[in-house]
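Structural overview for review
As a plain string of letters, each chain reads:
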Amino acid sequence: MRILITFLILGLFLSGCKQRKIENNMPVVSIGDLERIHSFKSGFVVTRDIDVWLPPGYSEGADFPVLYMHDGQNLFDSTTTWNKQEWGVDEVLGKLILDGTVEPIIVVGIWNGGKGRHTEYLPQKPFVKLKETLLSSKRWQGSSSTKKTISEFVPESDNYLKFLVTELKPHIDQNYKTDKSKAGSFIAGSSMGGLISMYAICEYPDIFGGAACLSTHWPGLHITENNPIPGAFIDYLNHHLPDPANHTFYFDFGTETLDSLYEPYQIKVDGVMQLNGYTTENWMSKKFEGHDHSERSWNKRLDIPLQFLINNANKN
């Protein structure tokens, strides 16, 4: 019997390997269905794959909310990722749906642009404004290396958002059973993906009703000395926050590795949220002791922002 069970397990494993080979390294999900839009072409950014997760019950339902997530390569299957980690979106969200904790929702995993990831995810308008100020200032107090790094960096996030809003979202709405309203459209990411999620909902408040920003990389670039970037981003947020009456924000950070840098900035962000009328009804900010800057940590707490965004949308 033990030998038979071993052969059955081996057969299932080999079958899974064959499936991945046939599907061109397609992620395998444990619940729901995953479809890939191969090489989605854009007039604004480089061509990339898009993974679309359809929740259980999709075939029988209609008008599903949609969650757009950055770094789509890392969302579903650790055997296909560069670091052998995953968010486990299908497992976490699938359980919440089957438990009746949240309504079924479609997830659109947007692959990042590879080498262009940083330029696509760094908020463009506040960064360009900061750069112009620094380059014209004769009283720059920061280090020359900081000024040089900022002066040489060229963000492309405005084009990335145009791709998302004017090309990708219309395609998803046309080809899937989606709730096309603001209340049914969310955006989420971690690290630089947290920054671009914040920027997206501020730039397109009529498109997105909620944003989840996990381990938001407020420093922006890899600068530790006299870094003016977080201040620029927080000032932008203060002047561009959408109406709290029909928008929802989630922020968090851990205490280990890169996340250990974020608390002072997030405290300032939390103050901005309060000043602009956000309350615990539509804004959540959490600290996770012992969590580091990794997909494993984001997986552990993913259920919290998912519940907060999806269930808050039903109240608006």
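So, here is what we can say about the structure in this document. (Residues numbered from 1 in each chain as written. Predicted model: local features only at pLDDT ≥ 70, side-chain atom pairs only at ≥ 80, totals over all residues. Heavy atoms only, no water.)

**Focus: the overall build of the chain**
Regarding its fold elements, the chain presents 11 helices and eight strands. A compact globule built from 316 residues would reach a C-alpha radius of gyration of about 20 Å, and the chain, at 20 Å, matches this within 12%. Within the chain, the fraction of its 316 residues that count as buried is 52%. Accessible area for the chain stands at about 14700 Å²; split by element, carbon and sulfur atoms hold 54% of it. (Helix = DSSP H or I, 4+ residues; strand = E, 2+ residues; numbered from the N terminus. Rg over C-alpha atoms; globule rule 2.2 N^0.38 Å. Buried < 20%, exposed > 50% of the residue type's maximum accessible area, 1.4 Å probe, protein only. Areas by Shrake-Rupley, 256 points an atom, 1.4 Å probe, with all protein chains shown as cover.)

**What to know about empty space enclosed by the protein**
Counted according to the given criterion, the structure contains one cavity of 30 Å³ or more. Estimated volume of the largest cavity: approximately 40 Å³. Surrounding the largest cavity, Leu67, Met69, Ala188, Ala212, Leu214, Leu302, Pro305, Leu306 and Leu309 form its lining. The set of elements that each furnish at least two residues to the lining of the largest cavity consists of strand S3 (66-69), strand S6 (210-214) and helix H11 (303-313). (1 Å grid on protein atoms, 1.4 Å probe; cavity = no way out; pocket = protein on both sides within 12 Å on 5 of 7 lines; lining within 4 Å. Points joined across faces, edges and corners; volume = space filled by probe spheres on them.)

**Regarding the layout of surface pockets**
Reported here for the largest pocket is a volume of approximately 230 Å³. Lining the largest pocket are 13 residues, with Asp71, Asn74, Trp82, Asn112 and Arg117 positioned closest to its centre. Counted by class, the lining of the largest pocket contains three nonpolar, seven polar and three charged residues. Empty space within the second largest pocket amounts to approximately 170 Å³. (Nonpolar A, V, L, I, M, F, W, Y, C, P; charged D, E, K, R; others polar.)

**Quick look at the pattern of salt bridges**
Two side chains carrying opposite charge are able to pair once their charged atoms lie near each other. In total, this model carries 12 salt bridges according to the counting rule given. A salt bridge links Arg48 to Glu120; its shortest N-O distance comes to 2.6 Å. Here Glu120 lies in helix H3 (residues 117-121) and Arg48 lies in strand S2 (residues 48-54), a separation of 72 residues in the sequence. Here Lys95 makes a salt bridge to Asp99, at a shortest N to O gap of 2.8 Å. Residue Lys95 is classed as exposed on the basis of its relative accessible area of 53%. (Salt bridge = Lys/Arg side-chain N within 4 Å of Asp/Glu carboxyl O.)

**Some remarks on unusual backbone geometry**
Not every positive phi belongs to a glycine, and Asp63 is a case in point at roughly 55 degrees. Residue classification places Asp63 among the exposed positions, given a relative accessible area of 53%. Of note, Ser191 is a non-glycine position whose phi angle comes to about 60 degrees, a positive value. Assessed through its relative accessible area of 9%, Ser191 is described here as buried.

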